[in-house]
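# Geometric and topological summary
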Amino acid sequence: MRRILAATLALAGMSLAAQDINGGVYTGLSLPVGDLKDKSDFGTNQFFGAHVGGHLDFTLTPRHEVRGHVTLQKFPGSGWGGPFDYKNDYTALQIGADWVYHFQGPRTGWYTVAGASLNSVKADADFNGGSLSSSQSGKFGVRGGGGFAFTPTFSLEGTLNQIFVDKGGRDGFGFDTATWAQVSAVFRFGR
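Fair warning: this is a prediction, and the values are worked out from it, not measured in the lab. (Residues numbered from 1 in each chain as written. Predicted model: local features only at pLDDT ≥ 70, side-chain atom pairs only at ≥ 80, totals over all residues. Heavy atoms only, no water.)

### Structural notes on the overall build of the protein chain
- From N to C terminus, the protein chain includes 2 helices and 8 strands.
- Listing each helix as α and each strand as β along the protein chain from the N terminus yields α-β-α-β-β-β-β-β-β-β.
- Counted over contacts in the protein chain with a minimum sequence separation of 6, partners at least 24 positions apart contribute 59%.
- Of the accessible surface of the protein chain, which amounts to about 10,000 Å², a share of 67% is contributed by carbon and sulfur atoms. (Helix = DSSP H or I, 4+ residues; strand = E, 2+ residues; numbered from the N terminus. Contact = heavy atoms within 4.5 Å. Areas by Shrake-Rupley, 256 points an atom, 1.4 Å probe, with all protein chains shown as cover.)

### A word on the packing of aromatic side chains
- A full pass over the atoms with the stated rule returns 11 aromatic pairs.
- Where Tyr 90 meets Phe 173, the ring centres are 5.7 Å apart and the plane angle is 85°; that geometry is what we call edge-to-face. Here Phe 173 lies in the loop between β7 (154–164) and β8 (177–188) and Tyr 90 lies in strand β4 (residues 87–102), a separation of 83 residues in the sequence. Each member of the pair, Tyr 90 together with Phe 173, is buried.
- With a centroid separation of 5.1 Å and an interplanar angle of 85°, the aromatic rings of Tyr 101 and Phe 103 are classed as edge-to-face. (Phe/Tyr/Trp six-rings, centres within 6.5 Å; stacked < 30°, edge-to-face > 60°. Buried < 20%, exposed > 50% of the residue type's maximum accessible area, 1.4 Å probe, protein only.)

### A few points about the sheet that holds β4
- With antiparallel pairing, the 8 strands of this closed barrel are ordered in space as β1-β2-β3-β4-β5-β6-β7-β8. The mean angle between the axes of side-by-side strands here comes to 25°, regardless of whether they run parallel or antiparallel.
- The sheet contact formed by β7 and β8 spans 11 bridges and is antiparallel. Paired with Asn 161 across the bridge in β8 is Trp 180. (Pairing = 2+ DSSP bridges. Axes fitted to C-alpha atoms, helices over the stretch in contact; angles between N-to-C directions.)

### What to know about a nonpolar patch on the surface
- Taken together, the side chains of Ile 21, Leu 56, Phe 58, Leu 60 and Trp 99 make up a nonpolar region of the molecular surface, amounting to roughly 450 Å² of accessible area.
- Along the polypeptide, Ile 21 turns up in strand β1 (residues 20–33).
- The class of Ile 21 is partly exposed, set by a relative accessible area of 45%. (Patch = residues over 30% accessible without salt bridge, like charges linked within 9 Å, V, L, I, M, F, W, Y side chains within 5 Å. Salt bridge = Lys/Arg side-chain N within 4 Å of Asp/Glu carboxyl O.)

### Details of the pairing of strand β5 (residues 109–127)
- Sheet topology places β4 next to β5; 16 bridges connect them, and they run antiparallel. Across the sheet, residue Lys 87 finds its bridge partner in β5, namely Asp 126.
- Counted along the chain from β4 to the antiparallel partner β5, the turn is 6 residues long, and its residue Gly 105 has a positive phi close to 150°.
- The sheet contact formed by β5 and strand β6 (residues 130–151) spans 18 bridges and is antiparallel. Bridge assignment links Ala 125 to a residue of β6, and that residue is Leu 132.
- Hairpin connection from β5 to β6: 2 residues lie between these consecutive antiparallel strands.

### Let's talk about the side chain of Gln 73
- Mapped onto the fold, Gln 73 is located in strand β3 (residues 64–75).
- For Gln 73, a relative accessible area of 0% gives the class buried.
- For Gln 73, the side chain forms a polar contact with the side chain of Ser 30, separated by 2.5 Å.
- The contact partners of Gln 73, leaving out residues within four places of it in the chain, are Ser 30, Ala 50, His 51, Tyr 90, Thr 91, Ala 92, Gln 94, Trp 180 and Gln 182. (Polar contact = N/O pair within 3.5 Å; in protein donor to acceptor, adjacent residues only side chain to side chain.)

### Comments concerning the nonpolar core
- Ranked by size, the top nonpolar core spans 12 residues in total: Leu 36, Phe 75, Tyr 90, Ala 92, Val 121, Ala 123, Ile 163, Val 165, Phe 173, Phe 175, Ala 178 and Trp 180.
- Elements with a minimum of two residues in this core: β4, β5 and β8.
- Beyond its immediate stretch of four places on either side in the chain, Leu 36 contacts Gly 43, Thr 44, Phe 75, Tyr 90, Phe 175, Ala 178, Thr 179 and Trp 180. (Core = buried A, V, L, I, M, F, W, Y, C linked by side-chain atoms within 4.5 Å.)

### Some thoughts on the confidence of the model for the protein chain
- Summary statistics for the protein chain give a mean pLDDT of 87 and a share of 89% for residues scoring 70 or more.
- Summarising per-element confidence for the protein chain, the mean pLDDT is lowest in helix α1 (residues 2–18) (46) and highest in β7 (97).
- The low-confidence segment residues 5–18 (pLDDT under 50) makes 0 contacts with residues lying over four places distant or belonging to another chain. (pLDDT = per-residue confidence, 0-100.)

Right, here's the structure in full:
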């Protein structure tokens, strides 16, 4: 029994040692769409946001990769006009994992991304009479998209992201999904 256990642990150790693990950072523009941008008095009423994040890439096979990531999204708002002139700023912190499929091989050429995340979203509303804040944590999100790896250490990527949030209640945002397009420059460290 000890020999079988020792052999299993040795094989698992060799398998883990053979895995290619790299990390990196990414940054770019976040473009709110739908209610996150357009919902009167609740959306950002702004075209651009920005994001920055870090990732760990676990290469499973030459074409398949799992990527863990942490991303900070900032969506600044502009006033809606009217008697209260709401200005809504949104911030989202994401922790998630993506399945990445490379069509040509490891970190070269075209690839697709499909992922899920847990999110903490905060809304800060400023208006003529003061300010309000609300936040929601543990919200599920999904994303999908693709990119092109120009070199093993640099790629450009686009994804469509959606977080399912609470519309009503004490910390409600006035809409039930926060959706945005994200365009990123992705930098990888290592080989």
